[in-house]
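# Coordinate inspection notes
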Amino acid sequence: MTEPVHHMLAARDLLPAEHFLDSGYASAELIVGGRTLSLQPRELQEVLDHARLQQDDEQWRARYGTRAGIEGAIHQAVAVTGMRRARYLGLQKTHLEHVFSAVALNLIRLDAWWNGHPLDRTRVSHLARLDLSLAA
């Protein structure tokens, strides 16, 4: 879907300098292909090695942090408002639902910021939670 999205943005003169994207859900071919040994041509392997080497750079990590922040916002929108599926039919009603969802998320974030409650919850494993409950 990257190519159609880029064409649409270019037609509106809104093409970003850099587009952050995700590989999406893993396909069965990708999962099975991770279980076999595949040898890349030398040129492709060198490009892959160079890309992996760049991931140790602080600048790359800062750029990746942007993508992680975007994914966090999308996760929050899905978890809080259930935006995976529209409740209404029609473009105008769906757009209005998205606007209300965005307003609700902003109000939740403002409330958390004003009251000093961080939105990010650190994950606690089941074993650690059991240990904490036994200690109490």
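For the structure itself, consult the block above.
Residues numbered from 1 in each chain as written. Predicted model: local features only at pLDDT ≥ 70, side-chain atom pairs only at ≥ 80, totals over all residues. Heavy atoms only, no water.

Looking only at helices and strands, the protein has six helices and zero strands in total. Of the regular secondary structure in the protein, the N- to C-terminal order runs α-α-α-α-α-α. The buried share of the protein, taken over its 136 residues, is 7%. Within the protein, contacts between residues at least 6 apart in sequence are counted, and of these 41% link residues at least 24 apart. (Helix = DSSP H or I, 4+ residues; strand = E, 2+ residues; numbered from the N terminus. Buried < 20%, exposed > 50% of the residue type's maximum accessible area, 1.4 Å probe, protein only. Contact = heavy atoms within 4.5 Å.)

A separate point is helix α5 (residues 91-115). An ideal rise of 1.5 Å per residue puts 36 Å on 25 residues; α5 measures up with 36 Å between its terminal C-alpha atoms. Taken together, the buried positions of α5 are occupied by T94, E97, S101, L105 and A112. Residues of α5 that are buried in the fold lie against α4 (58-81). Directly after α5, the chain includes G116, whose backbone phi takes a positive value near 70°. (Expected span 1.5 Å × (residues − 1).)

Here α4 crosses α5 at 105°, and the two axes come no closer than 10 Å. With respect to their mutual orientation, α4 and α5 come out roughly perpendicular. Of the residues in α5, those in contact with A73, Q76, A77, V80 and T81 of α4 are S101, L105, I108 and R109. (Axes fitted to C-alpha atoms, helices over the stretch in contact; angles between N-to-C directions. Parallel < 35°, antiparallel > 145°, perpendicular 65-115°, else oblique.)

So, on to the pattern of salt bridges. The full count for this structure, using the stated rule, is three salt bridges. E71 is the salt-bridge partner of R67, the closest N and O atoms lying 2.9 Å from each other. Residue R67 and its partner E71 are both found in helix α4; the two are separated by four residues, about one turn of the helix. Taking the relative accessible area as the measure of exposure, R67 reaches 15% and is therefore buried. The partly exposed category is assigned to E71, whose relative accessible area is 33%. Its salt-bridge partner being R87, residue E97 comes within 2.9 Å of it at the nearest N-O pair. In this pair, E97 is assigned in helix α5 and R87 in the loop between α4 and α5, connecting sequence segments 10 residues apart. Residue classification places R87 among the exposed positions, given a relative accessible area of 56%. (Salt bridge = Lys/Arg side-chain N within 4 Å of Asp/Glu carboxyl O.)

Moving on: a nonpolar patch on the surface. Taken together, the side chains of L96, V99, F100, V103, L107, L110, W113 and W114 present a nonpolar region at the surface, about 890 Å² in accessible area. Residue placement: W113 occurs in helix α5. (Patch = residues over 30% accessible without salt bridge, like charges linked within 9 Å, V, L, I, M, F, W, Y side chains within 5 Å. Areas by Shrake-Rupley, 256 points an atom, 1.4 Å probe, with all protein chains shown as cover.)

Counting through the fold element by element, L119 comes out in the loop between α5 and α6 (126-135). Looking at L119, the relative accessible area reads 42%, which means it is partly exposed. Separated by 10 residues in the primary sequence, L119 and R109 have C-alpha atoms spaced 7.4 Å apart. Beyond its immediate stretch of four places on either side in the chain, L119 contacts Q76, I108, R109 and A112.

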